[in-house]
Amino acid sequence: MSAHPKVDMRTGELLAFGYSTSAPCIYYSTFNSKREKTAKAKITISSPRMIHDFSITENYLIFPDLPLEIRGDLAIKNN
């Protein structure tokens, strides 16, 4: 679950996302005012990313594509 879910002030829906540390994708979900999941989507991205937050506009969701990749192979080196 995202660190900062958003509430659409127009509809009252809760918008949230999660991401995979092993697969290049974002999982987006929408919940109604009763907090029941009403929609979900899997968004493919170029590589696993650490995505802390997102933005919403009247018509769009904006997920920043920052250069911080999750690369376990570079985090641990055999010495």
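Enquirer: Describe the packing of aromatic side chains, with residues and values.
Expert: Applying the stated rule across the entire model yields three aromatic pairs. Residues Phe54 and Phe63 carry aromatic rings whose centres are separated by 5.5 Å and whose planes lie at 10 degrees to one another, so their mutual orientation is stacked. Judged by its relative accessible area of 3%, Phe54 is buried. A relative accessible area of 18% places Phe63 in the buried class. Every member of this aromatic cluster is reached through a ring pair, and the members are Phe17, Phe54 and Phe63. Positioned over the ring face of Phe54 is Lys6, at 5.6 Å from the centre of the ring.

Enquirer: Lay out the pattern of salt bridges in plain terms, naming residues and giving numbers.
Expert: In the structure shown here, the tally under the stated rule is two salt bridges. Of the charged contacts, one joins Asp53 and Lys6 as a salt bridge, the two residues approaching to 2.9 Å between their closest N and O atoms. Of this pair, Asp53 sits in the loop between β4 (37–44) and β5 (55–56) while Lys6 sits in strand β1 (residues 6–7), and the two are 47 residues apart along the sequence. The exposure class of Asp53 is partly exposed, given its relative accessible area of 27%. As a salt-bridge pair, Arg10 and Asp8 come within 3.9 Å of each other at their nearest N and O atoms. Looking at Asp8, the relative accessible area reads 15%, which means it is buried.

Enquirer: Report on the environment of Tyr19, specifying residues and quantitative values.
Expert: Here Tyr19 is to be found in strand β2 (residues 14–19). Not counting the four nearest positions on each side in its chain, Tyr19 is found in contact with Cys25, Ile26, Tyr27, Arg49, Met50, Ile51 and Ile70.

Enquirer: Which residues make up the pairing of β4, and what values go with them?
Expert: Within β4, only zero of the eight residues are buried, leaving the element largely exposed. As defined by bridge partners, strand β3 (residues 25–31) adjoins β4 across seven bridges and the pair is classed as antiparallel. When the bridges of β4 are listed, Ile26 appears paired with Ile43. Between β3 and β4, which pair antiparallel in sequence order, lie five residues; one of them, Arg35, sits at a positive phi of approximately 65 degrees.

Rules used in this analysis
- Residues numbered from 1 in each chain as written.
- Predicted model: local features only at pLDDT ≥ 70, side-chain atom pairs only at ≥ 80, totals over all residues.
- Heavy atoms only, no water.
- Phe/Tyr/Trp six-rings, centres within 6.5 Å; stacked < 30°, edge-to-face > 60°.
- Buried < 20%, exposed > 50% of the residue type's maximum accessible area, 1.4 Å probe, protein only.
- Lys NZ or Arg CZ within 6 Å of the ring centre and 35° of its normal.
- Salt bridge = Lys/Arg side-chain N within 4 Å of Asp/Glu carboxyl O.
- Helix = DSSP H or I, 4+ residues; strand = E, 2+ residues; numbered from the N terminus.
- Contact = heavy atoms within 4.5 Å.
- Pairing = 2+ DSSP bridges.

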